[in-house]
Amino acid sequence: GTHSRVYPQGRLYSHIIGYHSKAYGKSQLEMKYDAQLLGKGDITLTFNELRSGYDLNLTIDHDLQQYAYNQLNSRNGAIVALEPKTGKILAMVSRPDFEPTAALLEKNWKEIVEREDSPFLSRATQGLYPPGSTFKIATTAAAYEQGKTNSTFEDTGVFETGGIKVKNFGNAVHGNLTLRRGFEVSSNFVFCTLGFELGAENMLDIAKRFGVDKDLKFDLSTSRSQIQYKKMNDVDAALVAIGQGQLLMTPLHVALMGGTIANDGRMMRPFLVDSVTTVSGITVSRSTPQTLYDVISPGCAEYIKNLMIDVVQNGTGTNARISGIEVAGKTGTAENETSKDHAWFVGFAPANNPEIVVAVVLEYDGGGGGSNAAPIARNVMKKYLGK
């Protein structure tokens with residue numbers, strides 16, 4: 001005589017469906033779509049349909065979701081896969097996660113809440129991280145617009161100015177570099193120099209055009225990516241240019257940044273709920289693709305896409321290569337002052353007609369984005385494309 005929620009997939013969708021507890025309330029889709037799940041709407045229904053509530057039909061590819069979850073393999077972090085031309089979320093996993101069954105949730109609530117690694121926090125949508133070198137995508141867009149694509153740099157391995165000292169990953173010294181090659185090898189020297197030369201105003205402008213400090217208008221609650229400077233100067237801009245300093249982004253947002261390049265400079269609004277239907281199949285509402293922001297010109301996007309192809313073919317992202325398919329990508333290793341680095345990768349495939357964008361962050365991984373995050377993104381893209 002009592003109702004209970006059954007979760008056939010266990011933890012797999014805990015950060016998408018969320019929890020539903022009489023004692024502790026609701027989260028995620030359970031909270032955002034509560035009215036629809038209860039069958040509240042302006043459509044005339046039969047008595048049986050009223051008792052059933054509405055169904056949420058998601059954009060998630062279940063096989064890909066399971067595969068991505070297994071790819072994290074107990075490591076903390078997130079994977080977001082989406083369709084760049086529509087904004088459809090194809091897979092979205094976060095670790096650590098939790099067991100959503102109400103009885104177990106309520107029994108273990110105190111322990112879950114007190115855990116230092118915060119299992120209730122959806123890393124994909126609410127985790128804020130320095131994006132590291134993945135943000136060089138945005139910096140390159142600003143450089144393109146300011147006519148700096150033919151610049152050359154004498155990379156000494158260390159950028160030093162105004163009290164900051166930034167080394168290249170692995171203490172590498174690259175010597176004479178073009179912007180293109182600097183992007184391939186992910187030279188911090190090149191991009192700190194660019195950020196400093198572009199200045200605070202240009203770096204702030206490009207960050208905001210890519211959606212930093214703005215709402216992503218998603219189906220779930222998301223943290224807003226942010227630049228936390230009260231007043232940003234040119235030295236700060238040098239750090240932001242390499243995705244460090246006071247810049248923080250969510251994995252969902254980094255995926256959308258990659259998707260902007262894949263989609264000719266337009267960032268699509270991400271969505272997870274494809275449609276809402278009644279038990280008899282009447283459609284109550286349906287999501288349609290919408291442009292969230294027109295970020296950069298198609299020419300600028302094409303330029304960056306070619307640089308991202310170079311990264312995978314000849315640069316830091318060779319571990320993302322897929323035989324027979326051209327992949328575009330950007331690695332990132334985000335430094336933390338007090339603990340191990342985060343490993344990042346964002347990429348899309350096929351590069352000439354992108355069907356999938358994947359962003360991966362491995363939290364406090366300690367390894368490089370090229371060595372640790374890129375293979376995971378490659379595997380997820382490969383799985384989706386059936387290769």
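Look above for the structure.
Scoring rules and cut-offs
- Residues numbered from 1 in each chain as written.
- Predicted model: local features only at pLDDT ≥ 70, side-chain atom pairs only at ≥ 80, totals over all residues.
- Heavy atoms only, no water.
- Helix = DSSP H or I, 4+ residues; strand = E, 2+ residues; numbered from the N terminus.
- Polar contact = N/O pair within 3.5 Å; in protein donor to acceptor, adjacent residues only side chain to side chain.
- Contact = heavy atoms within 4.5 Å.
- Core = buried A, V, L, I, M, F, W, Y, C linked by side-chain atoms within 4.5 Å.
- Buried < 20%, exposed > 50% of the residue type's maximum accessible area, 1.4 Å probe, protein only.
- Salt bridge = Lys/Arg side-chain N within 4 Å of Asp/Glu carboxyl O.
- Pairing = 2+ DSSP bridges.
- Axes fitted to C-alpha atoms, helices over the stretch in contact; angles between N-to-C directions.

Caption draft 1: Here's a closer look at the side chain of N168. Tracing the chain through its elements places N168 in the loop between β8 (164-167) and β9 (175-178). Separated by 2.9 Å, the side chain of N168 and the backbone oxygen of A172 make a polar contact. Once residues lying within four places of it in the same chain are set aside, the contact partners of N168 are D155, G157, H174, S187, N188 and F189.

Caption draft 2: Local environment of the nonpolar core. Core analysis: the biggest nonpolar cluster contains 116 residues, and F210 and I296 have the highest contact counts within it. Top contributing element to this core by residue count: helix α9 (residues 188-209), with ten residues. Residues contacting I296, with those up to four places away along its chain left out, are A141, E145, I206, R209, F210, I261, D264, G265, A301 and I304. Counting five residues, the second largest nonpolar core, distinct from the first, contains Y19, F98, W109 and I112.

Caption draft 3: Highlighting helix α7 (residues 136-145). Buried residues dominate α7, accounting for eight of its ten residues. As for α7, its buried residues are in contact with α8 (179-184), α9, α11 (251-262), α12 (298-314), β16 (328-334) and β17 (342-349). Downstream of α7 by one or two residues, G147 has phi in the positive range, about 70 degrees.

Caption draft 4: Inspection of the pattern of salt bridges at higher detail. Inspection of every chain in the model, using the stated rule, returns 14 salt bridges. A salt bridge links R115 to D117, with the nearest nitrogen and oxygen atoms 2.9 Å apart. The exposure class assigned to D117 is partly exposed, which follows from its relative accessible area of 24%. For E302, the salt bridge identified is with K305, shortest N-O distance 3.5 Å. With a gap of three residues between them, E302 and K305 both fall in helix α12, about one helical turn apart. Since its relative accessible area comes to 38%, E302 is described here as partly exposed. Taken together, the shared-partner salt bridges in this structure form one network comprising R11, R95 and D97.

Caption draft 5: Expanded view of the sheet that holds strand β18 (residues 356-362). Taken in spatial order, the five strands make up an open sheet running β5-β4-β18-β17-β16, and their pairing is antiparallel. What marks the edges here is a single partner per strand, and that holds for β5 (89-95) and β16. Ignoring strand direction, the axes of neighbouring strands in this sheet form an average angle of 5 degrees. Bridge count between β16 and β17: seven bridges; the pairing is antiparallel. Its bridge partner lying in β17, G332 is registered against W344. On the sheet, α12 packs against β16 and β17 and is oriented at approximately 70 degrees with respect to β16. Relative to β17, helix α13 (residues 369-384) is tilted by about 35 degrees, and along the sheet it contacts β4 (77-82), β5, β16, β17 and β18.

Spatial relationships are all this shows, so hold off on functional conclusions.
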